[in-house]
Every structure is written in structure tokens, then in C-alpha cells.
Amino acid sequence: MIRSLRDEGHAPKWLQDDQDVPYRGILFSGFAMLVGLGFGLMFPRVYLVLITTGGFALIITYVVIMASHIRFRKRKGCPPEGICQMRGYPYTSWIALISMIIVLMCMPFIPGQGVGLVAGIVMVVLYSLTYYVMRFSTRSKVQNTTRKGKPIMKNQPSFLTEFSEELNGNTNEQGILSQKNDSHKSQDLLKSNPIKDNDEMFEEEEREREHYDG
């Protein structure tokens with residue numbers, strides 16, 4: 001996860017690993033776990049907040065996943081065969097989504113879980129604001145770079161993972177366009193440097209021999 005965040009530009013540069021095994025991300029995650037454990041031993045109340053906040057984050061993540069799944073199926077539909085991978089769709093999807101929302105709504109009625117709910121909501125709002133601020137700043141940088149006429153070398157990460165099929169289609173179209181460009185280049189080279197057949201080469205050799213003999 002740390003490597004993926006770093007590749008998309010959402011983590012510090014010093015967490016980047018050029019090796020196959022992301023040692024820096026593993027060490028950073030382990031250090032963060034040890035810090036959380038230390039806070040739990042020294043401040044039990046803080047540990048309770050961390051645990052309840054983690055539960056909220058886990059449930060809200062699956063809420064977003066299920067909502068994205070329902071939205072994706074509404075826009076794209078099921079596969080051509082008409083059979084969705086999710087059995088009982090859309091009823092099972094809606095049942096799962098509503099059940100998780102009910103669990104979140106019941107957190108204040110469970111002793112010790114209300115703090116986690118409040119902290120989780122604050123965390124979601126904070127991260128959402130951070131995301132939109134970063135998105136706005138990235139767009140402004142791209143617009144400024146385009147106005148100045150400078151080439152944009154940095155590839156911007158795509159957050160719409162539900163359009164992976166469209167992205168793959170665009171990649172295939174780019175490959176086809178590159179093949180067409182290569183074929184046009186080869187044709188231009190042939191026009192500028194035409195290949196001579198055997199008769200033409202034989203005639204040129206005969207002219208050179210007559211020139212030398214004369």
C-alpha cells in the first residue's frame with residue numbers, strides 16, 4: 001500500500017523503493033504499529049480511540065466499495081451474458097450497503113464506540129478536504145504549465161478505477177496509432193530511398209563497366 005501511494009504521488013519521496021521488496025514501506029508501517037502500541041500502553045484511552053477509529057475506517061471503506069459497485073453496474077450493466085459476478089444483484093448489494101450503514105449508525109449506542117465514530121467522521125472530512133485541495137492544486141499547475149507552453153512530463157494518476165476497461169481501450173487505440181505511424185514512416189523511407197530491383201542494378205553495373213572501359 002505504501003508503494004502504491006508513493007507511485008501515485010500521495011506519499012513522501014523518501015518512501016520510494018527501487019527494489020522488488022518495499023523495505024522502506026514495510027519498516028515505516030512496522031514503526032507506525034509500534035508507535036500505536038506504545039500509545040496504547042501509555043494511554044489506554046488513546047488505544048480505544050485508535051481501535052474504534054480503525055473499525056470505522058474498515059466499515060466505511062467497504063461502504064464506498066459497495067456504493068461504487070452499485071453505481072458502476074447501473075452505468076455499465078452486467079457482462080454481455082447478463083450474469084453478474086455478484087450473486088443476487090442488485091438486492092444483495094443493497095442489503096450489504098444498508099447493513100453496513102446501520103452498523104455505523106449503531107456505534108454511538110455501544111460503550112466506547114462513540115468516540116471512534118466522531119473521530120472517523122472527522123478523519124473522512126479531513127481526508128476529503130485534503131484530496132480536493134490537492135486535486136485543485138494539481139489542476140492549477142497543469143493549466144499554468146499548458147499556458148506557458150512547456151511540455152508536461154509528469155503523468156497524473158487516475159482515481160477513476162471503475163473505468164479500467166475504457167483506459168485499456170485507450171491504450172489499445174494508442175498502440176494502433178503508433179503502429180500506423182510506424183507504417184507511414186516506413187513508407188516515407190521507401191519513397192525517399194526506393195529499393196532497386198535486379199534489372200536496374202544490372203543496368204547500372206553495365207553503365208559503370210562501359211564508363212571504365214571507355
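Reading guide: rules and limits
Counting restarts for each chain: residues are numbered from 1 in the order of the written sequence. Note on the predicted model: pLDDT of at least 70 is required for a residue's local features to be given, and 80 or more for side-chain atom pairs to be given and counted; whole-chain, interface and lining totals, by contrast, use all residues. Think of the side-chain values as coming from all heavy atoms in the structure, minus any hydrogens and water. The working definition used for a salt bridge is a side-chain nitrogen of Lys or Arg within 4 Å of a carboxyl oxygen of Asp or Glu. Throughout, exposure labels follow a simple rule: accessible area from a 1.4 Å probe, protein chains only, divided by the maximum for the residue type, with under 20% read as buried, over 50% as exposed, and the rest as partly exposed. Between 30 and 60 degrees the pair is tilted, below 30 it is stacked and above 60 it is edge-to-face, where a pair is any two Phe, Tyr or Trp rings, Trp via its six-membered ring, whose centres lie within 6.5 Å. Residue-level confidence of the predictor is summarised by pLDDT, bounded by 0 at the bottom and 100 at the top. By the criteria applied, helices consist of DSSP H or I runs no shorter than four residues and strands consist of E runs no shorter than two, each listed in order from the N terminus. Throughout, a residue-residue contact means that at least one pair of heavy atoms, one from each residue, lies within 4.5 Å. The axes are straight lines fitted to the C-alpha atoms, using for helices just the contacting stretch, and the angles between their N-to-C directions are given from 0 to 180°. Oblique is the label for every angle not falling under 35 degrees (roughly parallel), over 145 degrees (roughly antiparallel), or within 65 to 115 degrees (roughly perpendicular). Residue polarity is assigned by list, with Asp, Glu, Lys and Arg as charged and Ala, Val, Leu, Ile, Met, Phe, Trp, Tyr, Cys and Pro as nonpolar; anything else, Gly included, falls into the polar class. Crossing chirality is assigned from the near helix's rotation relative to the far helix, an anticlockwise turn below a right angle marking it left-handed and a clockwise turn marking it right-handed. Buried Ala, Val, Leu, Ile, Met, Phe, Trp, Tyr and Cys residues that are joined via side-chain atoms within 4.5 Å together make up what is termed a nonpolar core.

(A) Up close: the pattern of salt bridges. Scanning all chains against the criterion turns up one salt bridge. Two residues, Asp 17 and Arg 24, come together in a salt bridge whose shortest N-O distance is 4.0 Å. Taking the relative accessible area as the measure of exposure, Asp 17 reaches 16% and is therefore buried.

(B) Inspection of the packing of aromatic side chains at higher detail. Here the structure, examined in full by the defined rule, presents two aromatic pairs. Here the aromatic rings of Tyr 131 and Tyr 132 are separated by 5.2 Å at their centres, their planes lie at 65 degrees, and the arrangement is edge-to-face. Exposure remark for Tyr 132: the relative accessible area of 53% places this residue in the exposed category.

(C) Geometry of the confidence of the model for the protein. Of all residues in the protein, 67% have pLDDT values of 70 or greater, and the mean over the chain is 75. Of all secondary-structure elements in the protein, the lowest mean pLDDT belongs to helix α6 (residues 164-192), at 53, while helix α4 (residues 91-106) reaches the highest, 92. Per-residue pLDDT stays below 50 along residues 151-171; that stretch engages in 16 contacts with residues further than four places along the chain or on separate chains.

(D) Inspection of the packing of helix α2 (residues 23-42) against helix α3 (residues 44-76) at higher detail. Interaxial distance between α2 and α3 falls to 5 Å at its minimum, and their mutual angle equals 130 degrees. In terms of orientation, α2 and α3 fall into the oblique class. Here Gly 36, Phe 39, Gly 40 and Met 42 of α2 lie close against α3, whose contacting residues are Pro 44, Val 46, Tyr 47 and Leu 50. In terms of residue class, the contact of α2 with α3 is built from six nonpolar, two polar and no charged.

(E) Layout of the packing of α3 against α4. Remark: α3 packs on α4, axes separated minimally by 10 Å, with the N-to-C direction vectors making an angle of 150 degrees. Classed by the angle they form, the pair α3 and α4 counts as roughly antiparallel. In the packing of α3 onto α4, the handedness of the crossing is left-handed. Here Phe 56, Ile 59, Ile 60, Tyr 62, Val 63, Met 66, Ala 67, His 69, Ile 70 and Lys 74 of α3 lie close against α4, whose contacting residues are Ser 93, Trp 94, Ala 96, Leu 97, Met 100, Val 103 and Leu 104. A per-class count over the contact of α3 with α4 returns 14 nonpolar, two polar and one charged.

(F) Region of the structure containing the side chain of Arg 73. With respect to the helices and strands, Arg 73 occurs in helix α3. Relative accessible area serves as the criterion here: at 15%, Arg 73 is assigned to the buried category. The residues touching Arg 73, leaving out its near neighbours within four places in the chain, are Cys 78, Pro 79, Cys 84, Gln 85 and Tyr 89.

(G) Structural context of the nonpolar core. With nine residues, the main nonpolar core is built from Phe 56, Val 63, Met 66, Ile 70, Leu 97, Met 100, Leu 104, Met 107 and Leu 117. Where this core is concerned, the elements lending two or more residues are α3 and α4. At four residues, the largest contribution of residues to this core is made by α3. Ignoring anything within four residues of it in the chain, the contact list for Met 100 reads Ile 59, Tyr 62, Val 63 and Met 66.

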